[in-house]
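Breakdown of the fold
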Amino acid sequence: MSAKSYLSISPEVKKALAEGKPVVALESTIITHGMPYPQNLEMATNVEQVIRDNGAVPATIAIMDGRFCVGVSGEDLERLAQTGGTAAKASRRDVSALLVKGEIAGTTVATTMQIASLAGIHVFATGGIGGVHRGAEDTFDISADLEELSRTPVCVVCAGAKSILDIAKTLEVLETNGVPVLGYGTDDFPAFWARQSGHKVDHRFDDVADIAKVVAMQADLGMGGVLVANPIPEADALDPAAIEARIAEAIRGAEQEGISRKALTPFLLKRIFELTDGNSLVANIALVENNAKVAAGIAVALAARNSAKPATYRA
Amino acid sequence: MSAKSYLSISPEVKKALAEGKPVVALESTIITHGMPYPQNLEMATNVEQVIRDNGAVPATIAIMDGRFCVGVSGEDLERLAQTGGTAAKASRRDVSALLVKGEIAGTTVATTMQIASLAGIHVFATGGIGGVHRGAEDTFDISADLEELSRTPVCVVCAGAKSILDIAKTLEVLETNGVPVLGYGTDDFPAFWARQSGHKVDHRFDDVADIAKVVAMQADLGMGGVLVANPIPEADALDPAAIEARIAEAIRGAEQEGISRKALTPFLLKRIFELTDGNSLVANIALVENNAKVAAGIAVALAARNSAKPATYRA
Amino acid sequence: MSAKSYLSISPEVKKALAEGKPVVALESTIITHGMPYPQNLEMATNVEQVIRDNGAVPATIAIMDGRFCVGVSGEDLERLAQTGGTAAKASRRDVSALLVKGEIAGTTVATTMQIASLAGIHVFATGGIGGVHRGAEDTFDISADLEELSRTPVCVVCAGAKSILDIAKTLEVLETNGVPVLGYGTDDFPAFWARQSGHKVDHRFDDVADIAKVVAMQADLGMGGVLVANPIPEADALDPAAIEARIAEAIRGAEQEGISRKALTPFLLKRIFELTDGNSLVANIALVENNAKVAAGIAVALAARNSAKPATYRA
Ligand SMILES: [Mn+2]
Ligand SMILES: [Mn+2]
Ligand SMILES: [Mn+2]
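This one's a predicted model, so the numbers in the text were calculated from it and none came from an experiment. (Residues numbered from 1 in each chain as written. Chains lettered and ligands numbered in written order. Predicted model: local features only at pLDDT ≥ 70, side-chain atom pairs only at ≥ 80, totals over all residues. Heavy atoms only, no water.)

Moving on, we get to the interface of chain B and chain A. Taken together, the contacts link 27 residues of chain B with 27 residues of chain A. Together, the buried faces of chain B and chain A total about 2500 Å²; carbon and sulfur atoms form 56% of this surface. Among the residues of chain B in contact with chain A, Glu172, Glu175 and Thr176 of chain B are the three that bury the most area, contributing 24% of the side total. Our count for the chain B to chain A interface comes out at 2 salt bridges. Across the pair Glu175 of chain B and Arg93 of chain A runs a salt bridge whose closest N-O atoms are separated by 3.8 Å. For the pair chain B and chain A, the number of links is 7 residue pairs in polar contact (both at pLDDT 80 or more). Secondary structure elements with two or more residues in the side of chain B that touches chain A: α7 (136–139), α9 (167–176), β12 (203–205) and α10 (208–220) of chain B. Its residues assigned to classes, the side of chain B that touches chain A shows 13 nonpolar, 5 polar and 9 charged. (Contact = heavy atoms within 4.5 Å. Buried area = accessible area lost by both parts, 1.4 Å probe. Salt bridge = Lys/Arg side-chain N within 4 Å of Asp/Glu carboxyl O. Polar contact = N/O pair within 3.5 Å; in protein donor to acceptor, adjacent residues only side chain to side chain. Helix = DSSP H or I, 4+ residues; strand = E, 2+ residues; numbered from the N terminus. Nonpolar A, V, L, I, M, F, W, Y, C, P; charged D, E, K, R; others polar.)

Encoded structure:
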């Protein structure tokens, strides 16, 4: 069977792709593992609306019923949101086993890129990518997202890597893997909840049309993905020093309670939520909506580029 | 020249592939570097018989006379077994140089996968894969097997990674590389000589037909290899704590004698053989035969899947 | 657009490629960032002459005016040399952004390989490749050159890795990545300024025709690049212990002055230049010319192989 035969694309997304209209992919672990029902459903619906308000069609991606579902909506989106944390979390290594088992699964950055690319979608909005975990010099715990970015020609709009990670090492691996890290309106690589990480992006662009050019060129050259780092809006940003202190406190708590590696990320996110009186989640939702807006802008610019060419030159 | 032009496939294997019959690849460093002649020849012949007894055609792979040989048998197998440790050991980096020099070489997991895939064989039985060496946080010594698994669509049936390795780090790199680690009839990732390593597999399957589905799907999706972890039979298994103590003792011995990196693996295997009164080798042979049996089952299920489809749908 | 549409190939190089004549690619960060104007222009011209004297056509590669320029010469070479250190340094992650911005950039080993391969050039001469930085167990600072070598079928002739790097770890990563490291007339992996690093190559070849066979075979097999390690000529070599002591001294100096990671390589090269009374630069130029000569020999042997075949068998 061909890879495409595993896709179930919604009629709206299929029509948009066929007509060369702008489409923005969305991941679903934020729905299944990011927050409880019905808050997750509300968030997902709002993010989709932001993409529509900015001229693009949203395509939420998940693995359901043995299929790669692109454009999950209505009852299926409700079912995905209700399943929540009891759904699987599909990293690249899990995809085939989950399809065979017919399980419902939220897709990570890596698998959302993979499925988006298969469906012909080139722009994807998320919160923050996975990366190199703190302590990875001893544990070797590095997200599959960094490999996927080196291989799959999709533009991922994020607010940096999740800042419980080791940002410096994450940027080093991205460089080794040849992944362009573009700052949208910034020279600084953002730190998810905060606007700055103390590290620089590779290249700054202030215009989504230029970013669309880079995305098109990476695809032309067979060079893999593009990471667009888009800082959280000032009004929603947390203070870099304050949030870093909360992260450090959460990490100390994990060590004292002997929290093991697999359980660490959910533990840290929950502790940081508590330590910030819930502000970390408010900021998280704000930055995802902000990324959806910028991703829509890039998708619109990309569609305009393609429609400006004679049909025979379309990718 | 095309890649396939370097292949010399035996008439029996060629016929089986043409007719869509089940074929199982076997590596040859276990023959050249695993044990002395004529014990190695006897082991190789027995493993091939296990595959035949379970309904598949064995295809021992080696590099000989400037060719990728698939289905080494008769005089050639005798020659390979007699050459033994004076043969080269062909990792991916060695393949082209060895072909040019016309040297005889045993193939590792990585190069057996590469050649099997080139020949159209999708299932391969071995003892244990290479992985991340203990101390790799300082030495960066990581087997090329882990890269090959991320790239080449072959199902490798093993009893875990060789347990002189760092199992936790090996599993982390497999996750980063997007390789599915499936447990056959087990939730635990086995530790080669022992049935448990203290780490979990990604997904458990109790039926070879389901594993065959995953293998077919990985190939359809262009996603690289599948690692099937198949624990050593209970009757042959060594006690996890006892064998780990022997490994630790062997490592201390290597440190005291100042054994360098390249000589370390053969030194450790020899010491563990001595420290277990030869039981480590008996267990090694038992687990290889057990893997051959499971691999044959997967190959038979895969062939049945393919023959169930109209000819035009065959891969 | 196709990847090839980004190429601007000089008439001389285009003609040579069309006629199957030997061509050797050259990188340009040595021009932009390796030494000041006009010394860099003189060096570049001399290296091109060495290639011509040995029967091949030189193709200096750079990114200029939004194009991949292959065979930079005349006014463009002058402009590149004059721009010098104010030019960008194009690693794989920078390529698309630099094309969009229309910036002038020297190409590293990784991007020169990428562009050479796109243009149909299979042999490339440089000084030393990038690799694993000393301290990378903590910083994760590993050059993109090592990934490009695993992927792109170009033969890179060098005098080893720049010896401010961690040579042992660099060789381990090359092994993991499946890259053949061939010694030309040597069993020892050279240490850039010195003829020996204390580490072995994978395979020694004394005849460029055999190396050409390996290069052709890697391409046939879809296996990525080949690293040819060619020691600096005896007359120009520095004493291994003496230069290692200078490197250690330079590293201590960097630590004392708190030189940060990004600024470290240029700082070290400048300090080593001073500590060796300029001999490090003299040696650097000598080894580049020596690599150009060997690369020309390999390119000539490769062209002879191809022209010996009927036209229909040409790659
Ligand atoms: Mn992980
Ligand atoms: Mn190794
Ligand atoms: Mn670096």
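Picking up after the structure, the text goes on.
Across the boundary between the two partners, chain C contributes 27 residues, which contact 27 residues of chain B. Summed over both sides, the interface between chain C and chain B buries roughly 2500 Å², with carbon and sulfur atoms accounting for 56% of that surface. Looking at the side of chain C facing chain B, the largest losses of area belong to Glu172, Glu175 and Thr176 of chain C, adding up to 24% of the total buried there. On inspection of chain C and its partner chain B, the count reaches 2 salt bridges. Between Asp202 of chain C and Arg93 of chain B there is a salt bridge, with its nearest N and O atoms 2.5 Å apart. One can count 7 residue pairs in polar contact (both at pLDDT 80 or more) joining chain C with chain B. Elements represented by at least two residues in the side of chain C that touches chain B include exactly α7 (136–139), α9 (167–176), β12 (203–205) and α10 (208–220) of chain C. Among the residues making up the side of chain C that touches chain B, the classes are represented as 13 nonpolar, 5 polar and 9 charged.

Moving on, we come to the UniProt feature "binding site: Mn(2+)" (unreviewed entry) in chain A. When the UniProt feature table is mapped onto this chain numbering, "binding site: Mn(2+)" (unreviewed entry) sits at Asp141 of chain A. Structurally, the position occupied by Asp141 of chain A is in the loop between α7 (136–139) and α8 (145–151). Discounting chain neighbours no more than four positions away, the residues touching Asp141 of chain A are Gly131, Val132, His133, Ala136 and Arg261 of chain A together with Glu172 of chain B. (UniProt positions renumbered as here; feature names shortened; annotations may be inferred.)

Across the junction of Tyr37 of chain A and Pro38 of chain A, the peptide omega takes the value 5 degrees, indicating a cis bond. In the Ramachandran plot, Asp65 of chain C falls in the positive-phi region, its phi being about 55 degrees despite a non-glycine side chain. Within the secondary structure, Asp65 of chain C sits in the loop between β3 (57–64) and β4 (67–70). Look at Phe140 of chain C: it is not a glycine, yet its phi comes out positive at around 60 degrees. By the secondary structure assignment, Phe140 of chain C is in the loop between α7 and α8 (145–151).

Residue and element names in this part refer to chain C. Alternating residues of strand β2 (residues 23–26) divide into Val23 and Ala25 and Val24 and Leu26, and every residue in both groups is buried. Looking at chain direction, β2 and β3 are connected through 4 bridges and run parallel. Bridged to Val24 within β3 is Pro58. As defined by bridge partners, β2 adjoins strand β7 (residues 123–125) across 2 bridges and the pair is classed as parallel. Bridge assignment links Ala25 to a residue of β7, and that residue is Phe124. (Buried < 20%, exposed > 50% of the residue type's maximum accessible area, 1.4 Å probe, protein only. Pairing = 2+ DSSP bridges.)

Turning our eyes to something else, we now look at the relation of the copies chain B and chain A. The second copy of the chain is related to the first by a rotation about an axis and a shift along the axis. When chain B is fitted onto chain A, the two copies agree to an RMSD of 0.0 Å after a turn of 120 degrees and an axial shift of 0.0 Å. Expressed as an axis order, the relation between the two copies is that of a three-fold axis. When C-alpha positions in chain B are compared against the rotation axis, the closest is assigned to Glu137 of chain B, at 3.6 Å. (Least-squares fit on C-alpha atoms with pLDDT ≥ 70 in both.)

Right, let's talk about the UniProt feature "binding site: substrate" (unreviewed entry) in chain A for a bit. UniProt marks Lys89, Val109, Ser143, Ala144 and Asp145 of chain A with the feature "binding site: substrate" (unreviewed entry), using the numbering shown here. Spanning 57 residues, the named residues form one tight spatial group whose C-alpha atoms are at most 13.4 Å apart. Relative to the assigned elements, Lys89 of chain A resides in strand β5 (residues 88–90). Ignoring anything within four residues of it in the chain, the contact list for Lys89 of chain A reads Thr29, His33, Asp94, Gly106 and Thr108 of chain A. Topologically, Ala144 of chain A is positioned in the loop between α7 and α8. Sequence-distant contacts of Ala144 of chain A, that is, excluding residues within four places in its chain, are made with Ser91 and Ala110 of chain A together with Glu175 and Thr176 of chain B.

Here the focus is the pattern of salt bridges. Enumeration over the complete set of coordinates arrives at 60 salt bridges over all chains. Two residues, Arg204 of chain A and Asp187 of chain A, come together in a salt bridge whose shortest N-O distance is 3.1 Å. With a gap of 17 residues between them, Arg204 of chain A in strand β12 (residues 203–205) and Asp187 of chain A in the loop between β9 (181–184) and β10 (188–191) connect regions that are remote in the sequence. A salt bridge links Glu12 of chain B to Arg52 of chain B, with the nearest nitrogen and oxygen atoms 2.6 Å apart. Residue Glu12 of chain B is found in helix α1 (residues 11–18), and its partner Arg52 of chain B is found in helix α3 (residues 39–53); the two are separated by 40 residues along the sequence.

Right, let's talk about the relation of the copies chain C and chain B for a bit. Between chain C and chain B, which share one sequence, the superposing operator has a rotation angle of 120 degrees and an axial displacement of 0.0 Å; the RMSD is 0.0 Å. A different interface surface on each copy is seen, since only 7% of the contact residues of chain C are contact residues in chain B too.

With that settled, consider helix α6 (residues 109–119) of chain C. Most of α6 of chain C is tucked away: 10 of the 11 residues are buried. Of the residues trailing α6 of chain C, Gly120 of chain C is marked for its positive phi of about 90 degrees.

Below, the discussion takes up the side chain of Asn290 of chain A. Residue and element names in this part refer to chain A. Within the fold, Asn290 resides in helix α13 (residues 279–307). Using a relative accessible area of 17% as the deciding quantity, one classes Asn290 as buried. Once residues within four sequence positions are removed from consideration, Asn290 is found in contact with Asn230, Pro231, Ile232 and Pro233.

Residue and element names in this part refer to chain A. Here chain A averages 95 in pLDDT, and 98% of its residues register 70 or above. Across residues 311–315, where pLDDT falls below 50, the model places 2 contacts with residues more than four positions away in sequence or in other chains. Two numbers describe this predicted complex: its pTM, 0.96, and its ipTM, 0.96. (pLDDT = per-residue confidence, 0-100.)

Quick look at the pairing of strand β11 (residues 194–200) of chain A now. Residues and elements named next belong to chain A. Pairing analysis gives 3 bridges linking β10 to β11, with the strands arranged antiparallel. Each residue of the ladder has a partner; that of Asp188, found in β11, is Lys200. Where β10 folds back onto β11 in an antiparallel hairpin, the turn is made up of 2 residues, including Phe192, whose phi is positive at roughly 65 degrees.

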